[in-house]
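Structure at a glance
The chain contents come next:
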Amino acid sequence: MRVPVSWLREYVPLEMPLDELASRLSVASAEVEGIERRGVSEAGGNLDRFLVGRVLEHGKHPNADRLQLCRVDVGEGEPRSIVCGAWNYEAGATVAVALPGAVLPNGIELERRKVRGETSDGLMLAEDEVGLGPDHDGIMLLDDAFEPGSPLAAALPLVEEVLLVESTGNRPDLLSIYGMAREVAALYDLPLGPWPGSGPGPVPAGQVEIEIDDYEGCPRYIGRLFTDVHIAPSPVWLKARLIAAGMRPISNVVDATNYAMLALGNPLHAFDFATVAGRRIVVRRARPGEELRTLDGVDRKLEASDLVIADAERAIALAGIMGGEDTEIGDATSDVLLESANFEPVGIFRSSERLRLRTEGSNRWEKGVDPHLAPHAADLCARLILDMTGASWEADSDVHADLPERPVVRFRPQRADEVSGVETPADAQHGLLRRLGFEVDAERVLTPTWRARDVTREIDVVEEVARFRMDAVPFTLPRRRAMFGSQTRFQRLRRRVEDALAGLGFAEVYTPSLRPDDDTPWKLSEPISVELTALRTSLLPSLVDAAKRNVEAGAGRIALFEIARVYLPADGDLPDEWIRVAGIAEGPFEHAKGVVEALHASLKADAAFEPGERDLFHPGKTAVTAAGVAGELHPGAIDGVWGAFELDLETLFEASREPVAYEDVITYPAIRQDLAFAVGEDVSAGELVAAAREAAGPELREFRPFDVYRGPQVGEGRKSIAFSVAFQSPERTLTEKDAERLRAVIVGELGSRFGADLRA
């Protein structure tokens, strides 16, 4: 929500610095994300260079057919000569003038200069040149009540400050300028102005024919008919406010509906009544097969759950979301039907989500707008339409069922003190609640209509008091009275993995679970963007993208890891979810393999590697383990030499010997030997180690490879792997005969299974 401060000041006097106001609102009401300053700069007396002027004479430029040469009174005694390209004024017009030395919002500084041989000593301003609107077809024409030489800032909002407010979903009342003013008035105990727009005039006797078929979806519908409407651009002040609040000006009638919505929070809509068949409004659910072309030019297929505004023949608007193209307000419109209604939030939300059509109106309806707000919004909008279009108010109808009662809540001030931990006198609590619109009678609190959805219990009223007392809460740590629960084995080992990788120099990242993949079975039926279309089946592609972004940003010594879910094919309608850890770092194969070995060591698990091939990895520089893969990335995946790994945590933790069981220290000496075996090139050292341990049993304490030899002594296609071997028993001192027996078992097993020849 964008809140122009000049608009806010109309409803509540702001006597405090804006920075202070933003801080207090952020604590008590809604997060203020920043303060935006728009329009003409006030620095260095710049505003003094913008004045009200009056055109004394004007005529065609002697040297240019499309320019005029004017004499303009700016209150200096002698009129100024100004060259102007606009033709929408006559002599005597009151205009906006910027003098030489003025700096426009776009940063251009005006100068006195020659234009086709004639001196131009200033600039008559169009609204877009000072950020007050989009129009550049002509200059701004001001009210003749302003005297030449008057500061232009007194006539137009040249300077605007805007609060950028992010309200929570339970506070639709804060999606309005008046709602924010109510909060400020309560926060600072300031007077709050009356409802804006009250009393547009005598209510006519004529009635608009309105029929509500679904009071659950539409509890209230107010229709007001205006005739002899003149469609034109809105006044500059109104367009400036809409732009500052983040909306685009369109025409006086449409702008009036948007202005009233922003002011009070109740969305409105205007129909060209001449296009309404039967001059009748029906609020109903959509019919089977019914379609509607909305104002954005899209033909939308409706479903029976969609609430529509219809005439005697067809749907003319999606209730609470967007109007129909057939009844759009245009330049030829002369009869306008103003809709100020109330719609049930859940249905609006579902239709908006299904149709993927979100608007300023639907954003408010889905949060729950006060049904008692509709007459106030209708009054404000009606007043604007009457003032800006010269229309006549011909008919008025207000059709509604029983509107919801205001909640009555028991409230005890001492309960608020107990919950908040801050003592507040009962009279002060009651005064605060009254400033927020609550009615208080002893322990009986009557909730205002605009808070009826979310203040229904005593604890809700306590929160209203507590949020305005946050500045009195001392900065203390909570007292620990008890501890509950403990980490599971999976959680403990996951934390061990995170700590190990952080200790190895890796930084943890979080990447989206969605990828632009075409080969995954888990594609989204309605992706949020072309880059996020499917659930990922691997973490590494996301980490590669992250590494590339870091390289492009000029980062060095990049090492990233992530622990997250992947989504793999399954027999049912849902994927199998597996938690994996993946990492990427600058460096060759050996670096990635070393990281995986360190991870296994931190978990007290053995790491066994075998050659393999995987997507993204370099052929011949890839090793697979029981838990996943490690290796060097393919040069086509990312420039440079990069190592990476991806492991399944469940499999990794199954191999862990945590918690470690105590094993007594062996005091008997070990017999150490070196053994070398000649094997085929396709046999890995890991396979030999596993087979030797299986054959020799627990008395083989160590069987570690330390050298590989290839050459004519072992023959072509073969290699020699040397192992450091240790035999040891926890029960006795082994003899040389024991060592020979164990060695013979190992040699026999490796020879029979792998064709291994003992070389030494």
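Residues numbered from 1 in each chain as written. Predicted model: local features only at pLDDT ≥ 70, side-chain atom pairs only at ≥ 80, totals over all residues. Heavy atoms only, no water.

It is worth spelling out the overall build of the chain at this point. Check the secondary structure of the chain and you find 17 helices and 37 strands. For a compact globule of 760 residues, the expected C-alpha radius of gyration is about 27 Å, and the chain comes in at 39 Å, more than 25% above that figure. When the backbone C-alpha atoms are referred to their principal axes, the chain occupies close to 120 × 80 × 60 Å. Across the 760 residues of the chain, 49% fall into the buried class. Of all intrachain contacts in the chain linking residues separated by at least 6 positions in sequence, the fraction that spans at least 24 positions is 69%. Carbon and sulfur atoms make up 49% of the accessible area of the chain, which amounts to about 37400 Å² in all. (Helix = DSSP H or I, 4+ residues; strand = E, 2+ residues; numbered from the N terminus. Rg over C-alpha atoms; globule rule 2.2 N^0.38 Å. Buried < 20%, exposed > 50% of the residue type's maximum accessible area, 1.4 Å probe, protein only. Contact = heavy atoms within 4.5 Å. Areas by Shrake-Rupley, 256 points an atom, 1.4 Å probe, with all protein chains shown as cover.)

Right, let's get into the sheet that holds strand S24 (residues 444–446). Taking strand neighbours across the sheet as the criterion, the three strands line up as S22-S24-S23 in an open arrangement whose pairing is antiparallel. The sheet is open, and its two edges are formed by strand S22 (408–410) and strand S23 (439–441), each paired on a single side. Shown here is a sheet whose adjacent strand axes are inclined to one another by a mean of 25°, direction ignored. For S22 and S24, the ladder comprises three bridges, and the chain directions are antiparallel. When the bridges of S24 are listed, Arg410 appears paired with Arg444. (Pairing = 2+ DSSP bridges. Axes fitted to C-alpha atoms, helices over the stretch in contact; angles between N-to-C directions.)

The subject of this paragraph is the pattern of salt bridges. Within the structure shown, the criterion is met by 61 salt bridges. Between Arg710 and Glu681 there is a salt bridge; the shortest N-O distance is 2.6 Å. Placement of Arg710 in the loop between strand S35 (700–709) and strand S36 (718–727) and of Glu681 in the loop between strand S34 (671–680) and helix H16 (685–696) is noted, with a sequence separation of 29 residues between them. Given a relative accessible area of 34%, Glu681 falls into the partly exposed group. Because the salt bridges share partners, they merge into one network encompassing Arg171, Asp173, Glu183, Arg451, Asp454, Glu464 and Arg467. (Salt bridge = Lys/Arg side-chain N within 4 Å of Asp/Glu carboxyl O.)

Relative to the assigned elements, Arg467 resides in helix H11 (residues 458–467). Overall, Arg467 belongs to the buried group, its relative accessible area being 10%. For Arg467, the side chain forms a polar contact with the main-chain oxygen of Ala28, separated by 2.7 Å. If we ignore the near neighbours within four places in the chain, the residues touching Arg467 are Val27, Ala28, Ser29, Arg171, Glu183, Leu436 and Arg451. (Polar contact = N/O pair within 3.5 Å; in protein donor to acceptor, adjacent residues only side chain to side chain.)

For the rest of this paragraph, the subject is the layout of surface pockets. Considering only enclosed or pocket space, the largest pocket measures out at about 1200 Å³ in volume. Taken together, the elements giving at least two residues each to the lining of the largest pocket come down to helix H14 (589–602), strand S30 (610–611), strand S31 (617–624), helix H15 (649–654), H16 and S35. When its residues are assigned to classes, the lining of the largest pocket shows 17 nonpolar, eight polar and 12 charged. Taken as a whole, the second largest pocket encloses approximately 750 Å³ of empty space. The wall of the second largest pocket is formed by 31 residues, among which Asn258, His269, Leu295, Met322 and Gly323 lie closest to the centre. If you list the elements that add at least two residues to the lining of the second largest pocket, you get helix H5 (252–264), strand S13 (269–272), strand S18 (315–318), strand S19 (322–323) and helix H7 (360–365). (1 Å grid on protein atoms, 1.4 Å probe; cavity = no way out; pocket = protein on both sides within 12 Å on 5 of 7 lines; lining within 4 Å. Points joined across faces, edges and corners; volume = space filled by probe spheres on them. Nonpolar A, V, L, I, M, F, W, Y, C, P; charged D, E, K, R; others polar.)

Turning our eyes to something else, we now look at the sheet that holds S13. Here we have four strands laid out as an open sheet, ordered S13-S20-S12-S21, and antiparallel in their pairing. Single-partner strands in this sheet number two, and they are S13 and strand S21 (392–400). Strand-to-strand twist of the sheet, defined as the mean angle between neighbouring strand axes without regard to direction, takes the value 20°. Bridge count for strand S12 (residues 220–227) against strand S20 (residues 336–342) is seven bridges, and the pairing is antiparallel. Looking at the pairing, Leu225 lines up with Leu337 of S20. Docked against the sheet, helix H8 (residues 374–389) engages S12, S20 and S21, running at close to 10° with respect to S12.

Right, let's talk about the packing of helix H9 (residues 413–420) against helix H10 (residues 426–435) for a bit. Two elements in contact, H9 and H10, have axes whose closest approach is 9 Å; the angle formed by their N-to-C orientations is 95°. As summarised for this structure, H9 and H10 are arranged roughly perpendicular, according to the angle between their axes. Along the contact surface, H9 presents Pro413, Ala416 and Asp417, while H10 presents Ala426, Gln429 and His430. Residue composition of the contact of H9 with H10, by class: three nonpolar, two polar and one charged. (Parallel < 35°, antiparallel > 145°, perpendicular 65-115°, else oblique.)

Once that is clear, we can look at unusual backbone geometry. Although it is not a glycine, Asp228 adopts a positive phi angle of roughly 55°. Here Asp228 is to be found in the loop between S12 and helix H4 (236–244). Taking relative accessible area as the criterion, Asp228 reaches 55% and is therefore assigned exposed. One non-glycine residue, Lys604, adopts positive backbone phi at about 60°. Tracing the sequence through the fold places Lys604 in the loop between H14 and S30. Judged by its relative accessible area of 35%, Lys604 is partly exposed.

By the definition in use, this model includes 11 aromatic pairs. Judged by centre distance (5.1 Å) and plane angle (70°), the rings of Phe490 and Phe653 are edge-to-face. Of this pair, Phe490 sits in helix H12 (residues 489–503) while Phe653 sits in helix H15, placing them 163 residues apart in sequence. On the accessibility criterion, Phe653 (2% relative accessible area) is buried. For the ring pair Phe703 and Phe723, a centre distance of 4.5 Å and an interplane angle of 25° mean the geometry is stacked. (Phe/Tyr/Trp six-rings, centres within 6.5 Å; stacked < 30°, edge-to-face > 60°.)

Our next topic: the side chain of Thr327. Inspection of the secondary structure assignment puts Thr327 in the loop between S19 and S20. With near-sequence residues (within four places) excluded, Thr327 lies in contact with Ala270, Phe271, Asp272, Thr275, Val276 and Ile316.

Turning to H16, a few remarks are in order. Taking 1.5 Å of rise per residue, 12 residues should cover 16 Å, and H16 covers 17 Å from first to last C-alpha, within 8% of that figure. Turning to H16, its buried residues number three or more, namely Leu688, Val689, Ala691, Ala692 and Ala696. (Expected span 1.5 Å × (residues − 1).)

Turning our attention to H5. Taking 1.5 Å of rise per residue, the 13 residues of H5 would be expected to cover 18 Å, and the 18 Å separating its terminal C-alpha atoms lies within 8% of that figure. For H5, a buried count of 13 out of 13 residues is recorded, marking the element as mostly surrounded by other parts of the structure. Backbone geometry just downstream of H5 places Gly265 in the positive-phi region, at approximately 90°.

Glancing now at the packing of H16 against helix H17 (residues 736–754). H17 packs onto H16 with a crossing angle of 130° between their chain directions and a minimal axis gap of 9 Å. Regarding the angle of H16 to H17, the classification is oblique. The interaxial crossing formed by H16 with H17 has right-handed handedness. Of H17, the residues touching H16 (which contributes Glu687, Leu688, Ala691, Ala692, Glu694, Ala695 and Ala696) are Leu742, Val745, Ile746, Glu749, Leu750, Arg753 and Phe754. Across the contact of H16 with H17, the residue classes tally to 10 nonpolar, no polar and four charged. (Left-handed = near helix turned anticlockwise from the far one by under 90°.)

With respect to the helices and strands, the residue His400 is situated in strand S21. Along the backbone, His400 and Ala341 are 59 residues apart, and their C-alpha atoms lie at a distance of 9.3 Å.

This part takes up a nonpolar patch on the surface. Nonpolar side chains collect at one region of the surface, where Val27, Met470 and Val473 lie side by side and expose about 240 Å² of accessible area between them. Considering the arrangement of structural elements, one finds Val27 in helix H2 (residues 18–28). For Val27, a relative accessible area of 52% translates into the label exposed. (Patch = residues over 30% accessible without salt bridge, like charges linked within 9 Å, V, L, I, M, F, W, Y side chains within 5 Å.)

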